[in-house]
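Next come the chains, spelled out residue by residue.
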Amino acid sequence: MKLDFLKDSRQITRAIWVVFALILIVLIVFAGYYYWDRYVYLDDRNPLEIGILNLEEQVRTDPDSLEARLALAEGYFRDQQYPQAIAQAQQVLDVYPGSERAQFILGMAYTFSGDAGAGVAALEEFTGERRNSSMAKSDMTLQASLYYLGEGYLALGRPEDAISALTEALDISPTDADALYQLGNAYLGVGKCDIAIESYTHAVSFVPDFVEAYQGLEQCYKKLDMAGHVHFAGGMVAYSMKEYSEALIDLEHATQVLPNFGPAFVGLGLVQEELGELDAAITSLERALDLDPDSFLASNSLQRIQLVQSNQ
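Residues numbered from 1 in each chain as written. Predicted model: local features only at pLDDT ≥ 70, side-chain atom pairs only at ≥ 80, totals over all residues. Heavy atoms only, no water.

K.L.:
Which residues make up the overall build of the chain, and what are the values?
P.N.:
Scanning the chain for helices and strands turns up 18 helices and 0 strands. The burial tally for the chain puts 50% of its 312 residues in the buried class. In the chain, the share of contacts with a sequence separation of at least 24, taken over all contacts with a separation of at least 6, comes to 51%. (Helix = DSSP H or I, 4+ residues; strand = E, 2+ residues; numbered from the N terminus. Buried < 20%, exposed > 50% of the residue type's maximum accessible area, 1.4 Å probe, protein only. Contact = heavy atoms within 4.5 Å.)

Set out below in structure tokens:
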């Protein structure tokens, strides 16, 4: 499976976080040397490019400098120059095999370059050591590593291992919708659709337009021959893709055959809101709250629509 993180907004956010999880960012290292206005007028290169050039010069001047090589590896990773990041991180590890920072960079660079096998090997090494930290339960760098380790296992056809890694990642960050989605994929991969449904459902509770999670739900419901729920999931896929007329048909059908299934009424209300059918949306969301008074999405959406109506 080719990794293409920059095409998805949630993955963009995660990729940005990973960059900041690295201890030194090239722009910070060289902030004292250059100002933004110089970058603008200095042969059209951006600050990162100039930072990398200076780090390369530092490494040439002092090839034994651990900090310079690590900072350069981070700069290459930040600039998506993954082969160069791998080379620098590996050179550090050749001399300092215990460098967690270099191991993390190596694992992430392999992962982002699409080499799942090498990425998994490096991240297994990193997480194996990092788990021993007294701060492991709140270590977001470890959490990111476990997430990508789980993704790598899935890419390699190892869903059982993915379940273990992703469950551990969620122990650190229970609201990670991407990890919940991937955990659903892992359970689907071992044929446990009932548990996969729980994971996908939890994911969409944090990201209501998580199209891939709804597609996972749709697949599970089809395997379990749950026709009404298939219409619900299909409607939410259409909603997430802004195909509201198609979504309306599926979700109306779902609420008819599943009159006590709250999520279908929430979805219907969201679609009706998008179509400008505010009175109908209120009715649907009120029904959803009758079925599940604790539904944050239904409550929040209902309040939003009522506010709009009061201002008209």
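K.L.:
I'd love a proper account of the nonpolar core, names of residues and values included.
P.N.:
Of all hydrophobic cores here, the largest spans 87 residues; its most connected members are Tyr200, Phe210, Tyr221 and Phe232. Of all the elements, helix H11 (residues 177-189) adds the most residues to this core, at 8 residues. Look past the residues within four positions of Tyr200 in its chain and what remains in contact with it is Tyr181, Gly184, Asn185, Leu188, Ala213, Gly216, Leu217 and Cys220. Counting 5 residues, the second-largest nonpolar core is a separate cluster that includes Leu142, Leu146, Ala169 and Ile172. (Core = buried A, V, L, I, M, F, W, Y, C linked by side-chain atoms within 4.5 Å.)

K.L.:
Before we move on, could you go through the packing of helix H14 (residues 227-240) against helix H16 (residues 262-274) and cite the residues and values that matter?
P.N.:
Interaxial distance between H14 and H16 falls to 10 Å at its minimum, and their mutual angle equals 30°. Viewed along their axes, H14 and H16 adopt a mutual orientation that is roughly parallel. By crossing handedness, the relation of H14 to H16 is classed as left-handed. Judged by residue contacts, Phe232, Met236 and Tyr239 of H14 engage Pro263, Ala264, Gly267, Leu270, Val271 and Glu274 from H16. Across the contact of H14 with H16, the residue classes break down as 7 nonpolar, 1 polar and 1 charged. (Axes fitted to C-alpha atoms, helices over the stretch in contact; angles between N-to-C directions. Parallel < 35°, antiparallel > 145°, perpendicular 65-115°, else oblique. Left-handed = near helix turned anticlockwise from the far one by under 90°. Nonpolar A, V, L, I, M, F, W, Y, C, P; charged D, E, K, R; others polar.)

K.L.:
Kindly report on the pattern of salt bridges, identifying the contributing residues and their values.
P.N.:
This model, assessed by the stated rule, comprises 9 salt bridges. Between Arg131 and Glu168 there is a salt bridge, and its shortest N-O distance comes to 2.7 Å. Note that Arg131 is positioned in the loop between helix H8 (116-130) and helix H9 (140-155) and Glu168 in helix H10 (residues 159-172), a separation of 37 residues in sequence. You can call Arg131 partly exposed: its relative accessible area is 36%. Each of Glu67, Glu74 and Arg101 takes part in one network of salt bridges that share partners. (Salt bridge = Lys/Arg side-chain N within 4 Å of Asp/Glu carboxyl O.)

K.L.:
Residues and numbers for the layout of surface pockets, please.
P.N.:
Over the atoms, a rolled probe matching the size of one water molecule traces out where space is still vacant. Reported here for the largest pocket is a volume of approximately 420 Å³. If you go around the largest pocket, you meet 20 residues; those closest to its centre are Val204, Ser205, Pro263, Ser295 and Leu297. Among the secondary structure elements, those contributing two or more residues to the lining of the largest pocket are helix H12 (193-206), helix H13 (211-223), H14, H16 and helix H18 (296-310). No other element matches the 5 residues that H12 contributes to the lining of the largest pocket. Residue composition of the lining of the largest pocket, grouped by class: 14 nonpolar, 5 polar and 1 charged. (1 Å grid on protein atoms, 1.4 Å probe; cavity = no way out; pocket = protein on both sides within 12 Å on 5 of 7 lines; lining within 4 Å. Points joined across faces, edges and corners; volume = space filled by probe spheres on them.)

K.L.:
Explain unusual backbone geometry residue by residue, including any values.
P.N.:
For Gln80, which is not glycine, the phi torsion reads 60° and is therefore positive. Summarising the element assignment, Gln80 is placed in the loop between helix H5 (66-78) and helix H6 (82-95). One non-glycine residue, Asp225, lies in the positive phi region at around 60°. The topology assignment puts Asp225 in the loop between H13 and H14. Judged by relative accessible area, which is 67%, Asp225 ranks as exposed.

K.L.:
Provide a residue-level description of the packing of H16 against H18, including the pertinent values.
P.N.:
Where H16 contacts H18, the axes come no closer than 10 Å and their chain directions differ by 25°. Accordingly, the angle class assigned to the pair H16 and H18 is roughly parallel. The handedness of the crossing between H16 and H18 is left-handed. Contacts between H16 and H18 pair Val266, Leu270 and Glu273 from the former with Leu297, Ala298, Ser301, Arg304 and Ile305 from the latter. When grouped by side-chain class, the residues that make up the contact of H16 with H18 number 5 nonpolar, 1 polar and 2 charged.

K.L.:
How would you summarise the packing of aromatic side chains if you had to cite specific residues and measurements?
P.N.:
Per the counting criterion, the structure on display carries 11 aromatic pairs. Ring geometry for Tyr181 versus Phe210: centroids 5.1 Å apart, planes at 45°, classification tilted. Here the residue Tyr181 occupies a position in helix H11, and Phe210 occupies one in the loop between H12 and H13, the gap between them amounting to 29 residues. When sorted by exposure, Tyr181 lands in the same class as Phe210, which is buried. (Phe/Tyr/Trp six-rings, centres within 6.5 Å; stacked < 30°, edge-to-face > 60°.)

K.L.:
Can you explain H9? Please cite residues and give values.
P.N.:
Residues spaced three or four apart along an α-helix point in a common direction, a consequence of the helix completing one turn every 3.6 residues. If you check H9, its first and last C-alpha atoms are 23 Å apart, about what 16 residues at 1.5 Å a residue would give, namely 22 Å. In terms of burial, H9 is a largely internal element, 13 of the 16 residues being buried. For H9, the capping residue at the N-terminal end is Asp139, with a side-chain oxygen 3.0 Å from the backbone nitrogen of Thr141. Positive backbone phi, approximately 75°, marks Gly157, located one or two places after H9. (Expected span 1.5 Å × (residues − 1). Polar contact = N/O pair within 3.5 Å; in protein donor to acceptor, adjacent residues only side chain to side chain.)

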